[in-house]
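Descriptive analysis of the structure
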Amino acid sequence: QQQVKQSPQSLIVQKGGISIINCAYENTAFDYFPWYQQFPGKGPALLIAIRPDVSEKKEGRFTISFNKSAKQFSLHIMDSQPGDSATYFCAASISGYSTLTFGKGTMLLVSP
Amino acid sequence: GAVVSQHPSRVICKSGTSVKIECRSLDFQATTMFWYRQFPKQSLMLMATSNEGSKATYEQGVEKDKFLINHASLTLSTLTVTSAHPEDSSFYICSALEGTHSNQPQHFGDGTRLSIL
């Protein structure tokens, strides 16, 4: 089954701390893994994405770590800020197909 | 960056009304667009995939006669909720695929909050 399991469901981090959100997948055919950030009342915005040929990708304070053998990938937000408070979704797709399979989302609250 | 505009942002209407939602890619051509539905504090549920110039592909359980999709140009797809009822109230979000190859970014609109009274 094409499923992406995301944890935790919610997360509270102090300002300046590291936020870590994890995702696991079952279908080994997945080969594109984006992360989206969604603020209340808005659509998701693409944050960062990775393909399985690399184990890590960093863009500013956001880093994706990818473990192909464990079929897991995670988002790390360094120096978390109150403005990062949002819902984060991991997703996955398969080459040749354009549809995304989303995780259930993680509500992040960064306390001042 | 790629921008997707969705209109209207909010609709409140009476039961039985048909509602049309527009999704436009502003600075790129989108052969493929997607329509999602999102309930509060839940993930996005794909309703249908819309391809320019052809019939939309609906996900299992989504009524194609209820949710009419038209993708008449490379920059515009519309979703019409026909004879809407309170159970159709939800947050509807479109996305557009940048490029024609798979594994390209999907860019999302800001959603339409539909409330049926």
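Here is a short report on the structure shown in this document. Everything numeric here is computed off the predicted structure, so don't read it as measured data. All residue numbers here refer to positions counted from 1 along the written sequence of the relevant chain. Just so you know, chain letters begin at A and ligand numbers begin at 1, following the order they were written in. pLDDT decides what is reported in this predicted model: residues at 70 or higher carry local features, side-chain atom pairs at 80 or more are listed and counted, and totals for whole chains, interfaces and linings draw on all residues regardless. Neither water nor hydrogens contribute to the side-chain values; these are computed over all heavy atoms in the structure.

Digging into the overall build of chain A
Convention followed: Helix and strand definitions here come from DSSP, where helices need a minimum of 4 consecutive H or I residues and strands a minimum of 2 consecutive E residues; each element is numbered from the N-terminal end. Just to be clear, the radius of gyration here is over C-alpha atoms, and the globule rule we use is 2.2 Å times residues to the power 0.38.
Within chain A, the secondary structure is distributed over zero helices and 11 strands. Secondary structure elements of chain A, listed N to C terminal, follow the sequence β-β-β-β-β-β-β-β-β-β-β. Over its C-alpha atoms chain A spans a radius of gyration of 13 Å, differing by no more than 12% from the 13 Å that the globule rule assigns to 112 residues. Considering only C-alpha atoms, chain A reaches an extent of 40 × 30 × 20 Å along its principal axes.

Thoughts on the interface of chain B and chain A
Which entries qualify depends on this criterion: We call two residues in contact whenever any of their non-hydrogen atoms come within 4.5 Å of each other. Buried area is calculated as the accessible area (1.4 Å probe) missing from two parts once they are joined, with the contributions of both summed. In the sections that follow, a salt bridge refers to a side-chain nitrogen of Lys or Arg positioned within 4 Å of a carboxyl oxygen of Asp or Glu. Two N or O atoms form a polar contact when they lie within 3.5 Å of each other; inside protein one atom must be a possible hydrogen donor and the other a possible acceptor, and for residues adjacent in sequence the pair counts only when both atoms belong to side chains. Each residue gets one of three labels, nonpolar for Ala, Val, Leu, Ile, Met, Phe, Trp, Tyr, Cys and Pro, charged for Asp, Glu, Lys and Arg, and polar for the others, Gly among them.
The interface of chain B with chain A comprises 20 residues on the first partner and 22 residues on the second. Where chain B abuts chain A, roughly 1,600 Å² becomes buried across the two surfaces, and 55% of that area is made up of carbon and sulfur atoms. Put simply, Asp 110 of chain B and Lys 42 of chain A hold a salt bridge, and the shortest N to O gap is 3.8 Å. If you look at where chain B meets chain A, you find four residue pairs in polar contact (both at pLDDT 80 or more). Counting only elements with at least two residues in the side of chain B that touches chain A, the list comes to strand S4 (32-38), strand S5 (44-51), strand S9 (90-97) and strand S10 (106-108) of chain B. For the side of chain B that touches chain A, the leading source of residues is S4 of chain B, giving four residues. Residue composition of the side of chain B that touches chain A, by class: nine nonpolar, 10 polar and one charged.

Focus on the state of the cysteines
The test is simple: Defined by distance alone, a disulfide is two cysteine sulfur atoms within 2.5 Å.
With the rule as written, the count across this model stands at two disulfides over all chains. Sulfur-sulfur distance for the disulfide between Cys 23 of chain A and Cys 90 of chain A comes to 1.9 Å. As the torsion about the S-S bond is roughly -95°, the Cys 23 of chain A-Cys 90 of chain A disulfide counts as left-handed. You can see Cys 23 of chain A sitting in strand S3 (residues 19-25) and its partner Cys 90 of chain A sitting in strand S9 (residues 86-94), a full 67 residues away along the chain. Here Cys 23 of chain B pairs with Cys 94 of chain B through a disulfide, and the sulfurs are 2.0 Å apart. Torsion about the S-S bond of the Cys 23 of chain B and Cys 94 of chain B cystine: about 80°, corresponding to right-handed handedness.

Remarks on the sheet that holds strand S6 (residues 56-59) of chain A
All names here are of chain A. Put simply, the test is: Whether two strands pair depends on DSSP finding at least two bridges between them. Interaxial angle, 0 to 180 degrees, is taken between N-to-C directions of lines fitted to C-alpha atoms, where a helix line uses only the stretch in contact.
The five strands lie next to each other as S1-S3-S8-S7-S6, forming an open sheet whose pairing is antiparallel. The sheet terminates laterally at strand S1 (4-7) and S6, the two strands that pair on one side only. On average, adjacent strands in this sheet sit at an angle of 15° to one another, irrespective of strand direction.

Considerations on the sheet that holds strand S7 (residues 67-73) of chain B
Sheets are built from strands that pair by backbone hydrogen bonding, the pairs being arranged parallel or antiparallel. All names here are of chain B. Read across the open sheet, the four strands follow the order S1-S3-S8-S7; overall the sheet is antiparallel. Looking along the sheet, the strands with just one partner apiece sit at the ends: strand S1 (4-7) and S7. Taking the axes of each pair of neighbouring strands and ignoring which way they run, one obtains an average angle of 15° across the sheet. The sheet contact formed by S1 and strand S3 (residues 19-25) spans four bridges and is antiparallel. Its bridge partner lying in S3, Val 4 is registered against Ser 25.

Observations regarding the environment of Thr 75 of chain B
Residues and elements named next belong to chain B. Within the secondary structure, Thr 75 is located in the loop between S7 and strand S8 (76-81). Distance from Thr 75 to Met 33, taken between C-alpha atoms, is 9.1 Å for residues 42 residues apart in sequence. The residues contacting Thr 75, other than those within four sequence positions of it, are Cys 23, Arg 24, Ser 25, Phe 28 and Met 33.

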